[in-house]
Amino acid sequence: MNTMLPLQNGDPLITVRGFLRQLLETGVVEAIFLPLEVDGGATLPALVADPAWLDQADPLTPVMPINSARAVSALTNKHSPARLGVVLRPCEIRALIELVKLQQATLENVTLIGLDCPGTYEVAEYIEGKHAGRITLADYLEVAGDDRQPALVGPSLRPACQMCDQPVPEHVDIHLRLFGLGTDQAIPVTLSDEIAEKLGLSQVSQPAADGRQAVVDRLTAARRQVREKELAAIRERLDADGGLASLFATCIRCHNCMTVCPICYCKTCLFKTAAFDHPPEHYLIAARRRGAVRMLGDTLLFQLTRLNHMSASCVSCGMCTSACPADIPVGAIFSAVGAQVQAAFDYQPGRDVSDPLPLITFQANEWTQIGEEK
Amino acid sequence: MNNDNHFEPHILAFLCNWCTYTGADLAGTSRLQYPPNVRVIRTMCSGAVDPVYVLKPLLDGADGVFIGGCHPGDCHYQTGNYKTRRRYVALTEILKAVGFDEQRVWLRWISASEGQKFAETMTEMVVAIKELGPNPMRTSWTV
């Protein structure tokens with residue numbers, strides 16, 4: 001059902017807070033997961049059980065300290081303990097769908113609340129920009145209205161957001177439609193009839209959908225162009241001699257990319273075991289054989305193994321790039337390789353819970369030429 | 001050994017216990033000749049070959065990695081080799097994408113009765129890898 005949230009106090013944030021409070025107070029959800037403001041200007045994802053705390057909620061925050069699909073995995077696991085509302089960005093929803101398929105989360109008892117996502121800033125740059133008055137919510141929300149990237153003066157969006165061509169959430173129970181919205185207007189919401197009835201909301205016609213769609217199309221097309229350009233540049237570097245080694249030349253194998261990756265869920269990751277604690281002679285033998293050997297080793301093996309494990313499910317959230325202390329464009333590399341793997345299996349991560357993961361399924365009658373003599 | 005004049009490739013072969021390993025055994029008991037460049041590791045199923053087992057030797061400088069399994073439909077564990085096939089597709093896509101020569105990784109279905117085919121396939125692979133030349137990773141220090 002389509003309806004409109006009338007603007008409260010002329011402030012979209014207060015309006016959205018009020019709506020979320022209503023969800024909690026009417027018992028549609030028993031607790032709600034969303035970003036809460038903390039001292040110092042940042043926001044952190046939190047689970048809120050007491051509606052009073054929603055005065056600190058900032059679901060419109062333009063930062064993404066973690067991919068919250070990981071948090072929803074922790075909150076639901078095999079069984080959600082209560083009716084939960086979770087406010088997520090589109091890439092977080094896609095990651096959550098992959099985690100559901102990997103049996104690390106469930107959507108049962110979960111009300112997915114999705115917002116159109118104009119993009120996010122690096123946390124530190126956002127705090128600095130906010131204190132300096134360079135980033136304002138109004139500016140941020142008007143992003144797509146007049147066909148531009150938000151706040152290009154001041155800090156720019158995270159690289160993954162600059163090339164995000166899926167900024168609209170799919171598969172949500174409640175969709176807050178921010179794109180094409182002036183900050184002085186009521187907020188269009190699409191939600192299930194059941195939830196609308198519990199909230200006492202009735203159908204209100206939304207502004208013409210084609211106006212919004214034009215805005216979404218413009219934004220998506222512009223970002224797809226950035227994405228194609230970025231990925232082409234990465235592919236060119238990968239194709240060059242020693243391409244992979246040169247891209248990861250400054251990798252210090254801190255495993256940050258793996259830690260922040262929403263798809264890398266394994267509790268017993270090979271790279272956290274003693275498998276690569278080689279005896280000292282190992283390095284000497286390798287150095288003698290090759291002339292010299294990189295310390296600490298196994299860097300490319302780590303990256304290739306991670307590509308092999310998760311690139312089919314990579315949702316291009318770019319948390320790995322944000323977390324990389326060596327400024328390696330990890331996310332773009334994984335997106336570039338992931339796109340090729342995904343194309344081979346005609347698989348789109350996060351599209352649908354019922355699409356099987358490419359590596360846990362098979363057809364008897366596929367790739368029949370593989371394994372036969374050439 | 002890896003100079004241009006005389007290059008003898010090092011090939012690592014993962015052979016499924018039920019088909020290809022038995023086929024290799026048959027090649028041996030039939031006294032069939034094939035080049036001695038292949039080091040065999042027996043696995044219970046081609047589906048038990050973790051792609052990391054392929055990546056590690058490639059990065060360590062192996063010139064080729066061979067995976068041998070039962071013909072589709074003949075897997076001792078019903079479906080192991082179908083999963084191998086999908087993993088092989090994913091792995092070779094990744095190798096292609098990152099600029100590795102995916103032709104260094106072979107997957108072949110060879111049954112327990114195909115000793116002759118095993119010997120021929122090993123010969124064929126050694127020839128093909130000799131044409132590709134040594135794995136550049138062998139002398140790369142930045143792995």
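Residue positions are given per chain, counting from 1 as you read along its sequence in written order. Whichever chain is written first is A, and whichever ligand is written first is 1; the rest continue in order. In view of the model being predicted, local features appear only for residues whose pLDDT reaches at least 70, and side-chain atom pairs are presented and counted only at 80 or more, with totals across whole chains, interfaces and linings using the full set of residues. Only heavy atoms go into the side-chain values, all of them from the structure, while hydrogens and water stay out.

**A closer look at the confidence of the model for chain B**
- In the predicted model, chain B carries a mean pLDDT of 95, and the fraction of residues at 70 or more is 97%.
- Here the predicted complex scores 0.93 on pTM and 0.93 on ipTM. You can read pLDDT as the predictor saying how much it trusts each residue, on a scale of 0 to 100.

**A word on helix 14 (residues 330-344) of chain A**
- Given a rise of 1.5 Å per residue, 15 residues ought to cover 21 Å, and the 21 Å separating the end C-alpha atoms of helix 14 of chain A matches this to within 8%.
- Residue burial is assigned from relative accessible area. The probe radius is 1.4 Å, only protein chains are included, and a residue is buried under 20% of its type maximum, exposed over 50%, and partly exposed in between. The secondary structure listing takes helices from DSSP runs of H or I that are at least 4 residues long and strands from runs of E that are at least 2 residues long, numbered from the N terminus. Across the 15 residues that make up helix 14 of chain A, a large majority, eleven, are buried.
- Among the residues making up helix 14 of chain A, those that are buried are A:Val330, A:Gly331, A:Ala332, A:Ile333, A:Phe334, A:Ser335, A:Ala336, A:Val337, A:Gly338, A:Val341 and A:Gln342.
- Buried residues belonging to helix 14 of chain A abut helix 8 (209-239), helix 9 (243-247), helix 10 (256-260), helix 12 (299-310) and helix 13 (319-323) of chain A together with helix 3 (80-97) of chain B. How far a helix is expected to stretch is found by multiplying one less than its residue total by 1.5 Å. Throughout, a residue-residue contact means that at least one pair of heavy atoms, one from each residue, lies within 4.5 Å.

**What about the sheet that holds strand 1 (residues 2-5) of chain A?**
Residue and element names in this part refer to chain A.
- When DSSP finds at least two bridges between two strands, those strands are taken to pair. Strand order across the open sheet formed by seven strands is 1-7-6-5-4-2-3, with mixed pairing between neighbours. Looking along the sheet, the strands with just one partner apiece sit at the ends: strand 1 and strand 3 (43-48). Here the average twist between neighbouring strands, direction ignored, is 25°. To define axes, lines are fitted to C-alpha atoms, for helices over the stretch in contact only, and angles between the resulting N-to-C directions are given on a 0 to 180 degree scale.

**Some remarks on unusual backbone geometry**
- That bond from A:Met295 to A:Leu296 is cis: its omega, -15°, falls within 30 degrees of zero.
- Structurally, A:Leu296 is set in the loop between helix 11 (280-290) and helix 12.
- In this structure, B:Arg31 takes a positive phi of about 55° despite not being glycine.
- Following the sequence through the fold, B:Arg31 ends up in the loop between helix 1 (20-29) and strand 2 (38-43).

**Let's talk about the side chain of A:Lys101**
Residues and elements named next belong to chain A.
- For Lys-101, the location among the structural elements is in helix 3 (residues 90-101).
- For Lys-101, a relative accessible area of 11% gives the class buried.
- Only 3.1 Å separates the side chain of Lys-101 from the backbone oxygen of Asp-352, close enough to count as a polar contact. Pairing of N or O atoms within 3.5 Å defines a polar contact, subject to two protein rules: one partner must be a possible hydrogen donor and the other a possible acceptor, and residues neighboring in sequence count only if both atoms are side-chain atoms.

**Observations regarding the interface of chain B and chain A**
- Opposite the 35 residues of chain B that make contact, chain A presents 40 residues.
- We define buried area as the total accessible area lost by two parts upon association, computed with a 1.4 Å probe and summed across both. Across the chain B/chain A interface, buried area totals approximately 3700 Å², and carbon plus sulfur atoms make up 62% of it.
- The three residues of chain B that bury the most area against chain A are B:Arg85, B:Arg86 and B:Ile94, which together make up 19% of that side's buried surface.
- Throughout this description, the term salt bridge denotes a Lys or Arg side-chain nitrogen within 4 Å of a carboxyl oxygen of Asp or Glu. At the boundary of chain B with chain A, the tally comes to three salt bridges.
- Between A:Glu366 and B:Arg86 there is a salt bridge whose closest N-O contact spans 2.9 Å.
- Here chain B and chain A share 16 residue pairs in polar contact (both at pLDDT 80 or more) between them.

**Remarks on the state of the cysteines**
Residues and elements named next belong to chain B.
- Two cysteine sulfurs form what is called a disulfide whenever their separation falls within 2.5 Å. Scanning the entire structure with this criterion turns up one disulfide over all chains.
- Left unpaired, Cys-16 is separated from the closest cysteine sulfur, that of Cys-70, by 3.5 Å.
- Free of any disulfide, Cys-75 has its nearest cysteine sulfur in Cys-45, 4.1 Å distant.

**Some words on the side chain of B:His71**
Residue and element names in this part refer to chain B.
- Residue position: His-71 is located in the loop between strand 3 (64-69) and helix 3.
- A residue is classified by how much of its surface remains accessible, and His-71, at 18% relative accessible area, is buried.
- A polar contact is formed between the side chain of His-71 and the side chain of Glu-114, at a distance of 2.9 Å.
- What His-71 contacts, discounting residues up to four positions off in sequence, is Asn-81, Trp-109, Ile-110, Ser-111, Glu-114 and Lys-117.

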